[in-house]
Amino acid sequence: MSVNQAIKPVTLEEKNNHLYLGGCDLVDLAKKYGTPLYVLDEKSIREICKNYKEAFKDYSNIKMMYASKALCTSALVRILDEEGFGFDTVSAGEIYTVYKSGVNMSKVLFNGNNKSEKEIELAIDLGVGRFSVDNFYEAEILNKIAIQKNKTVEILLRITPGIECHTHDYIQTGQIDSKFGFDLSQIDEIVELIINKYSNIKLRGLHAHIGSQIFELKSYYDEVEILVKEISRINKKYSLDLKEMNIGGGVGVKYTTKDEPPKISDLADAVTSAMHKYAVEIPTIYIEPGRSIISTAGVTLYTVGSSKQVPNGRKYVAVDGGMADNPRPSMYQAEYSAEVASSVNSKNKEKVTIAGRFCESGDILINEIELPKLNPGDIICVYNTGAYNYSMASNYNRVEKPAMVLVNNSLSDIIVNRETLDDLISKDVIPSRLKK
Ligand SMILES: *Cc1c(COP(=O)(O)O)cnc(C)c1O
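Residues numbered from 1 in each chain as written. Predicted model: local features only at pLDDT ≥ 70, side-chain atom pairs only at ≥ 80, totals over all residues. Heavy atoms only, no water.

J.: Please set out the overall build of the chain residue by residue, giving values where relevant.
T.: From N to C terminus, the chain includes 12 helices and 21 strands. The C-alpha atoms of the chain give 23 Å as radius of gyration, which agrees with the globular expectation for 436 residues (22 Å, within 12%). Once the C-alpha set of the chain is aligned to its principal axes, its extents read approximately 70 × 65 × 45 Å. Classification of the 436 residues of the chain by burial places 58% in the buried group. A total accessible area of about 19,200 Å² is found for the chain, and carbon and sulfur atoms account for 48% of it. (Helix = DSSP H or I, 4+ residues; strand = E, 2+ residues; numbered from the N terminus. Rg over C-alpha atoms; globule rule 2.2 N^0.38 Å. Buried < 20%, exposed > 50% of the residue type's maximum accessible area, 1.4 Å probe, protein only. Areas by Shrake-Rupley, 256 points an atom, 1.4 Å probe, with all protein chains shown as cover.)

J.: An account of the domain arrangement of the chain is needed here, citing residue identities and associated values.
T.: Many analyses report the size of an interface as the accessible area lost when the parts associate. In terms of domains, the chain is made up of domain 1 (3-40 + 296-425) and domain 2 (42-294). Placing a centre on the C-alpha atoms of domain 1 and another on those of domain 2 gives a separation of 32 Å. Counting from both sides, the interface comprises 32 residues of domain 1 and, opposite them, 32 residues of domain 2. Between domain 1 and domain 2, the buried area comes to about 2,800 Å², and carbon and sulfur atoms account for 58% of it. It is Asn4, Gln5 and Tyr388 that lose the most area in domain 1 upon contact with domain 2, and together they represent 24% of the buried surface on that side. Taken together, the links from domain 1 to domain 2 amount to one salt bridge. With a shortest N-O distance of 2.9 Å, Glu335 and Lys258 are connected by a salt bridge. (Domains from an automatic or database assignment. Contact = heavy atoms within 4.5 Å. Buried area = accessible area lost by both parts, 1.4 Å probe. Salt bridge = Lys/Arg side-chain N within 4 Å of Asp/Glu carboxyl O.)

J.: Account for the pairing of strand 21 (residues 411-416), with residues named and values stated.
T.: Sheet analysis places strand 20 (residues 403-408) next to strand 21, joined by five bridges and oriented antiparallel. Paired with Met404 across the strands is Val416, a residue of strand 21. Counted along the chain from strand 20 to the antiparallel partner strand 21, the turn is two residues long, and its residue Asn409 has a positive phi close to 45°. (Pairing = 2+ DSSP bridges.)

J.: Describe helix 6 (residues 136-148), listing the residues and the values that go with them.
T.: Taking 1.5 Å of rise per residue, 13 residues should cover 18 Å, and helix 6 covers 19 Å from first to last C-alpha, within 8% of that figure. Within the sequence span of helix 6, burial applies to Glu138, Ala139, Ile141, Leu142, Asn143, Ile145 and Ala146. On the buried face of helix 6, the contacting elements are helix 5 (117-126), strand 8 (130-133), strand 9 (153-160), helix 7 (187-196) and strand 11 (201-207). The N-cap residue of helix 6 is Asn135: its side-chain oxygen and the backbone nitrogen of Tyr137 are 3.4 Å apart. (Expected span 1.5 Å × (residues − 1). Polar contact = N/O pair within 3.5 Å; in protein donor to acceptor, adjacent residues only side chain to side chain.)

J.: With reference to specific residues and values, describe the nonpolar core.
T.: Judged by nonpolar contacts, the single largest core of 85 residues is most densely connected at Tyr52, Tyr66, Phe131, Ile155, Leu157 and Ile294. Broken down by element, this core gets its largest block of residues, eight residues, from helix 8 (residues 217-238). No fewer than three residues from each of domain 1 (3-40 + 296-425) and domain 2 (42-294) sit in this core. Those residues in contact with Tyr52, other than ones at most four positions away along the chain, are Met64, Phe85, Gly250, Val251, Ile264, Leu267, Ile287, Pro289, Ser292 and Ile293. Ile7, Leu21, Tyr383 and Val405 belong to the second-largest nonpolar core, a separate cluster that totals 22 residues. (Core = buried A, V, L, I, M, F, W, Y, C linked by side-chain atoms within 4.5 Å.)

J.: Which residues make up the packing of aromatic side chains, and what values go with them?
T.: Evaluated as defined, the whole model comprises seven aromatic pairs. Here the aromatic rings of Tyr255 and Tyr336 are separated by 5.2 Å at their centres, their planes lie at 75°, and the arrangement is edge-to-face. Of this pair, Tyr255 sits in the loop between strand 12 (244-246) and helix 9 (264-278) while Tyr336 sits in the loop between helix 11 (328-332) and strand 16 (338-340), and the two are 81 residues apart along the sequence. Here Tyr255 matches Tyr336 in class, with each residue buried. (Phe/Tyr/Trp six-rings, centres within 6.5 Å; stacked < 30°, edge-to-face > 60°.)

J.: Just give me the short version of the pairing of strand 17 (residues 349-355), but keep the residues and values in it.
T.: On any regular strand, side chains alternate: one points to one face of the sheet, the next to the other face. Most of strand 17 sits inside the fold, with five of its seven residues counted as buried. With three bridges connecting them, strand 15 (residues 315-319) and strand 17 associate as parallel partners. The partner of Tyr316 across the bridge, within strand 17, is Thr353. Sheet topology note: the strand 17/strand 18 (residues 364-372) ladder contains six bridges and is antiparallel. In the sheet register, Lys351 faces strand 18, and the bridge partner there is Glu370.

J.: Describe the environment of Tyr59, listing the residues and the values that go with them.
T.: With respect to the helices and strands, Tyr59 occurs in the loop between helix 2 (42-55) and strand 5 (62-67). It is 18 Å that separates the C-alpha atoms of Tyr59 and Gly205, two residues lying 146 residues apart in sequence. Setting aside its immediate chain neighbours within four residues, Tyr59 contacts Thr272, Met275, Ile282, Pro283 and Ile285. Of the polar contacts made by the side chain of Tyr59, one reaches the backbone oxygen of Pro283; its length is 2.9 Å.

J.: An account of the site of the ligand is requested, with residue identities and associated values reported.
T.: The ligand sits among 16 residues. The nearest are Lys69, Ser212, Glu288, Arg291 and Tyr388. A distance of 2.3 Å is found between an oxygen atom of the ligand and a side-chain nitrogen or oxygen belonging to Ser212. Between the ligand and Gly250, the relevant distance is 2.9 Å, taken from an oxygen atom to a main-chain nitrogen or oxygen of the residue. Within the complex, 95% of the 390 Å² of free accessible area of the ligand lies under protein. (Near = heavy atom within 4 Å.)

J.: Can you tell me about the environment of Ala92, naming the residues and giving the values?
T.: With respect to the helices, strands and loops of the structure, Ala92 is situated in helix 4 (residues 92-100). Exposure remark for Ala92: the relative accessible area of 23% places this residue in the partly exposed category. Once residues lying within four places of it in the same chain are set aside, the contact partners of Ala92 are Glu119 and Leu122.

J.: Let's hear about the pattern of salt bridges: which residues, and what values?
T.: A complete count under the given rule lists 23 salt bridges for this structure. When the shortest N-O distance is used, the salt bridge between Glu225 and Lys229 registers 2.6 Å. With Glu225 and Lys229 both in helix 8 and four residues apart, this pair spans about one turn of that helix. Taking the relative accessible area as the measure of exposure, Lys229 reaches 43% and is therefore partly exposed. When salt bridges that share partners are traced, they join Glu42, Arg46, Lys53, Glu82 and Glu83 into one network.

This is the structure in structure tokens:
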């Protein structure tokens, strides 16, 4: 089993009616660092990296690029750099975080559908290895900035392969009507512009990303087929030697028992079998997993507060976090699993709806889950919150963002400090005419 196929992180244990992660009692961590608290299990991160490396070990031209948008903090970048991963980035903020963490910037790819000139300048100045060019406008400004800086940039072209896959509409990206990338019918036009006009852009290959939380390996197989065929068609038509292809994100993860994501080795089989079937010359493959690298490693701890029994209706139990630290349930009905870290084995169970503390009726973390009877002060552990939680967090209701702790071998270390009330007002300015 690979790490993405389990709901819980690899070191999760039950001891004395408490949950432990990385050898640390989660109730103690909640006390020590406060809640809500994001906790990352270092062993789970390293284990899934191993799953990816082993799955593709027979394929020498593979480059693993962690999709930073899933979670981007300096300590995590250090771990993934140690594991040999490069980084897929989508903003100056992610590029800067990776750079400041000491990563060799040739291992970084800059992706995104509306990169600003300022971001492109920073990426060129810091020596980002590849740009994934998304549209005509970007190619034009990228070439202009490269000329100004007397640099040549190496790029992939992001294309829309026209594959529909079964995931939520908001996280599906490869279908024809998508805001991302060049339509297949626009490829020749952009290739010709690069060859004839954009002197400081070197085309190296193609890039596609079919969506996130994908379980069907056939979608990857079809994607590779399209990429391989397009690359050889372009090479033939324009006498080029494109040798790189980026297949985008990784497979899905198991949020609830209903989810059955594939093994990483099955993903590798789908990709390499399509490659061997359709490719004459085997290209370098980039793969950019985000969710599957970090989701399962992360849990969020919350403290139980108030509750409300609707007469003849359901019982709401409120926790001290919600849509600002995990916007996924309110944004796209994402489902999660949870246990009670402070009384994991208690037999006295009831069905409750876990509500957040934010001022929106839609701020529900989990609908109708059976848990040991909850009392104020109990600690709830929500699983699979490593990806797209902190990275999507906001300060809605002017609430401080939670801290993040890394656990391993019974040690816990803060890797992101909890925001303070002063942090919240630190960017505010009162114009002098309004001062008291
Ligand atoms: C979001 C994204 C990824 C990561 O997808 P996951 O499903 O988190 O693995 C990779 N590549 C691109 C271009 C993306 O937009």
